[in-house]
Amino acid sequence: MSSKDQILKSVRNQLVPSADLPSLDQDWIQYDDAVAHFGDVLQAVGGTAIAVEGIDGLTEELAKIPAYTAAKKTVSCIDGLVGTVDLDRVEDPHELEDIDYAVLPGEFAVAENAAVWVTDTKLRHRVIAFIPQHICLVIHCPDGNVEKAVVHNMAEAYQRLTWSRNEFGCFISGPSKTADIEQSLVIGAHGARSLHVFFVI
Amino acid sequence: MSAIKSYDHPTNADQFNKDQARTHWHDSSLWFIREKRDRMSKSLPEWETLRTCASQIKAHTVSKLADYLEEFEKNATARGATVHWAKDAEEHNRIVLEILQKHQTKRIVKSKSMLTEECHLNPWLEKHGIEVVDTDLGERIVQLRNEPPSHIVMPAIHLKKEDVSNTFHEHLQTEQGNYDPNYLTESARQHLRQKFCQADAGITGVNFAIAETGGFVVCTNEGNADLGVSLPKVHIACMGIEKLIPKVDHLSIFLRLLARSATGQPITTYSSHFHGPIEGGELHIVLVDNGRSKLMNSDDYRNSLKCIRCGACMNTCPVYRRSGGHSYAATVPGPIGSILNPLRDAKHHKTLPFACTLCGSCSDVCPVKINLHEQLLTLRTEVKNQKQLPISKTLPMQIASFVFQRPKLFAWLGGVGKFFLRTMPRFLIYNAMNPWGRNREMPEAPPESFRKQYAQRVKKKSDK
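Just so we're clear, the structure is a prediction, and the values are computed from it rather than from any experiment.

J.: Would you mind showing me how to read the overall build of chain A here?
T.: Secondary structure summary: chain A contains five helices and eleven strands in total. Taken along its principal axes, the extent of the C-alpha atoms in chain A is 65 × 45 × 40 Å. Within chain A, buried positions represent 57% of all 201 residues. With the model as given, the accessible surface of chain A reaches about 8,800 Å², and the carbon-plus-sulfur share is 46%. Averaging the positions of the 15 positive and the 29 negative side-chain charges in chain A gives two centres separated by 8 Å.

J.: Sorry if this is basic, but what is going on with the side chain of H191(B) here?
T.: Residue and element names in this part refer to chain B. Inspection of the secondary structure assignment puts H191 in helix α10 (residues 181-198). Take H191: its relative accessible area is 13%, and that puts it in the buried class. Other than its neighbours up to four places away in sequence, H191 contacts R140 and L172.

J.: Can you walk me through the sheet that holds strand β4 (residues 109-110) of chain A in this structure?
T.: Two orientations exist for strands paired in a sheet by backbone hydrogen bonds: parallel and antiparallel. Spatial strand order, β7(A)-β4(A)-β5(A)-β8(A)-β9(B)-β6(B)-β5(B)-β8(B): eight strands in an open sheet with mixed pairing. Either end of the sheet is taken by a strand with one partner, and the two such strands are β7 (150-151) of chain A together with β8 (244-245) of chain B. As paired strands, strand β8 (residues 169-172) of chain A and strand β9 (residues 270-274) of chain B are joined by four bridges and run antiparallel to one another. Opposite I172(A), over in β9(B), you have Y270(B) as the bridge partner. In the packing of helix α12 (residues 251-262) of chain B onto the sheet, the strands contacted are β8 of chain A together with β5 (208-210), β6 (215-220), β8 and β9 of chain B, and the crossing angle to β5(B) comes to about 175°.

J.: Can you walk me through the pattern of salt bridges in this structure?
T.: When the charged atoms of two side chains lie near each other, side chains of opposite charge can form a pair. One pass over the structure, following the stated rule, counts 30 salt bridges over all chains. Each of E118(B), E242(B), R292(B), R309(B) and R344(B) takes part in salt bridges that share partners, so that together they form one network.

J.: Which parts of the structure should I look at to understand a negative patch on the surface?
T.: Taken together, the side chains of D32(A), D33(A), D40(A) and E147(A) make up a negatively charged region of the molecular surface. Positionally, E147(A) belongs in the loop between β6 (134-140) and β7.

J.: I would appreciate a short explanation of the packing of helix α1 (residues 3-12) of chain A against helix α4 (residues 65-78) of chain B in the present structure.
T.: When two helices pack together, their arrangement is given by the angle between their axes and by how far apart the axes lie. Packing of α1(A) against α4(B) brings their axes to within 8 Å, and their N-to-C directions diverge by 150°. Residues K4(A), L8(A), V11(A) and R12(A) of α1(A) form the contact with α4(B), whose participating residues are L65(B), A66(B), D67(B), L69(B), E70(B) and E73(B). Of the residues in the contact of α1(A) with α4(B), the class split is five nonpolar, no polar and five charged.

J.: Help me understand the packing of aromatic side chains in this model?
T.: Geometry of an aromatic ring pair is reported as the spacing of the ring centres plus the angle between the planes. By the definition in use, this model includes 14 aromatic pairs over all chains. Between F168(A) and F274(B) the ring centres are 5.2 Å apart and the planes differ by 55°, which places this aromatic pair in the tilted class. Pair noted here: F168(A) is in the loop between α5 (154-160) and β8 and F274(B) is in strand β9, and the two residues belong to different chains. Grouping aromatic residues by their ring pairs yields a cluster made of F130(A), F168(A), F216(B), Y270(B) and F274(B). The ring of F402(B) carries the charged tip of R406(B) above its face, separated from the ring centre by 3.7 Å.

J.: Help me understand the UniProt feature "domain: LUD" (unreviewed entry) in chain A in this model?
T.: This chain's UniProt record puts "domain: LUD" (unreviewed entry) on residues 78-200 of chain A. For residues 78-200 of chain A, the end-to-end C-alpha separation is 11 Å, with 6% helix and 29% strand making up the annotated structure.

The rules behind each value
- Residues numbered from 1 in each chain as written.
- Chains lettered and ligands numbered in written order.
- Predicted model: local features only at pLDDT ≥ 70, side-chain atom pairs only at ≥ 80, totals over all residues.
- Heavy atoms only, no water.
- Helix = DSSP H or I, 4+ residues; strand = E, 2+ residues; numbered from the N terminus.
- Buried < 20%, exposed > 50% of the residue type's maximum accessible area, 1.4 Å probe, protein only.
- Areas by Shrake-Rupley, 256 points an atom, 1.4 Å probe, with all protein chains shown as cover.
- Lys, Arg positive; Asp, Glu negative; His and termini not counted.
- Charge placed at Lys NZ, Arg CZ, Asp CG, Glu CD.
- Contact = heavy atoms within 4.5 Å.
- Pairing = 2+ DSSP bridges.
- Axes fitted to C-alpha atoms, helices over the stretch in contact; angles between N-to-C directions.
- Salt bridge = Lys/Arg side-chain N within 4 Å of Asp/Glu carboxyl O.
- Patch = residues over 30% accessible without salt bridge, like charges linked within 9 Å, V, L, I, M, F, W, Y side chains within 5 Å.
- Nonpolar A, V, L, I, M, F, W, Y, C, P; charged D, E, K, R; others polar.
- Phe/Tyr/Trp six-rings, centres within 6.5 Å; stacked < 30°, edge-to-face > 60°.
- Lys NZ or Arg CZ within 6 Å of the ring centre and 35° of its normal.
- UniProt positions renumbered as here; feature names shortened; annotations may be inferred.

Below is the structure:
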């Protein structure tokens, strides 16, 4: 008998009382100002949230970020903003090792934990979300309305997601960090050393 | 401090307690995290609802685990992953090695997986000439020191920055005497970047696997899992069969609980959802039983399969905080480890259910409501019934039982006890025969027994 059959048989042979699934339709937390709460939590986990008007506003704000202006190699996956390296022309993701700054699309934000949903739909190499020294996530707000880009809690977040494609998706909340050395929080473990979230209205 | 060899918890804890200052420091470090967890749990009015839901989802999954495992395999396969089944640690290691050898892998990067630790994968792969690099910073630190992790979420919680600095100086040629965590983390970042870029394959654990979609989620703060598996073509994900949940929407419950319970964060920095391999790559998922299915049958212990490995029970446990993770001599230490390990290997881990004050704090903080302290109490009975208890524990209990059944004898012995406590020289009271007095003072003998005081009180009342 294969190990699969053995494991399944072993699992099926146990006397386990049946148990019902709970309803996920409950009164989950709502914030008076979800956008402001998102900003506060993001700040607490080491990131910054900024609302900008259009691509021009985005360019303007990026120019204020020293890590961006000092960057030699940049990647942009946002229409209207050009980076120095074209992600689609990179064959081997290892070539992205020395990217200094990446501007990437985020789909929406979650107020309760400052997470932004990022997928590889428009990213040829998903490592671009993790390997640059610094990143920013750009969220286009429907109808120019920031509220529509921010859900209150994770239950609402999952209601927005679909799983038909073999898509890689990640909730990113702040820059990479660690507290493994005597509980001292250090920003910039392996991934991005800084994270800006831009809401484009 | 090297790895402790003995399985005997009291002996190991004694060793840890030799350095009193360090014991206090360890205790307060963990309590600090416990307090962060408390603040986070109070930031959500629905905290208790979340715990109840999580517990119910896990109970349901275990009740239909075989169906969900099959559903998961079907959906994961449809997304291009290859699913393997391993009944024990040995088979798990063999499967992983076969995949790596097929790709002529020389170097791999691994992100924290307690399951691979449980299966002793690293020494097995190293024996076969493969370089294994743990990429979680804490895990890398203990790996360089040739130690096991002492905590499942914070593997190097037992080490001070001086220890880390010395380790890095020796292995990564960092500046001697530079104890700055920023400097040390930066050095590790540079060192591990090389390893990420050189790796031929990446191995990760799995926090949650979803039957409905055939995908799985890995949570890290450092992003090491993501870097490790999005550069090379081969990703191997190793998971215990209890990691399954039925639907993707259920993640909303578990992701809200996990980081808050573990480190007091609102969520981990990265919560990655993997569905199928990267373009042109391979994704292998190894489903491991290794004794888990045996736990399902027992009404007493089934609940321990709900564990999501957040470590909250360790951070709050007064015994863990004062005895250190290594004293448990097991991959999973603390309260949950004191249940899982003896159930797998009763002979070696028989002292663990006794490494507990039955205070119940672990059960109170558990995000999936595992009745940890009750299970520990049940396990003690089992250890006793298996006649595994040393005579130093059974004989005094037998004597106590004999005395308690005889009120007059009890009263008389009480008087004798008080007399001895008052009059005997110290060395006759505090010696090897009295383990209680080893680290604390015996209570002062009261001037009169309770029995006598009570009798006088009753007499006074009737006299009135």
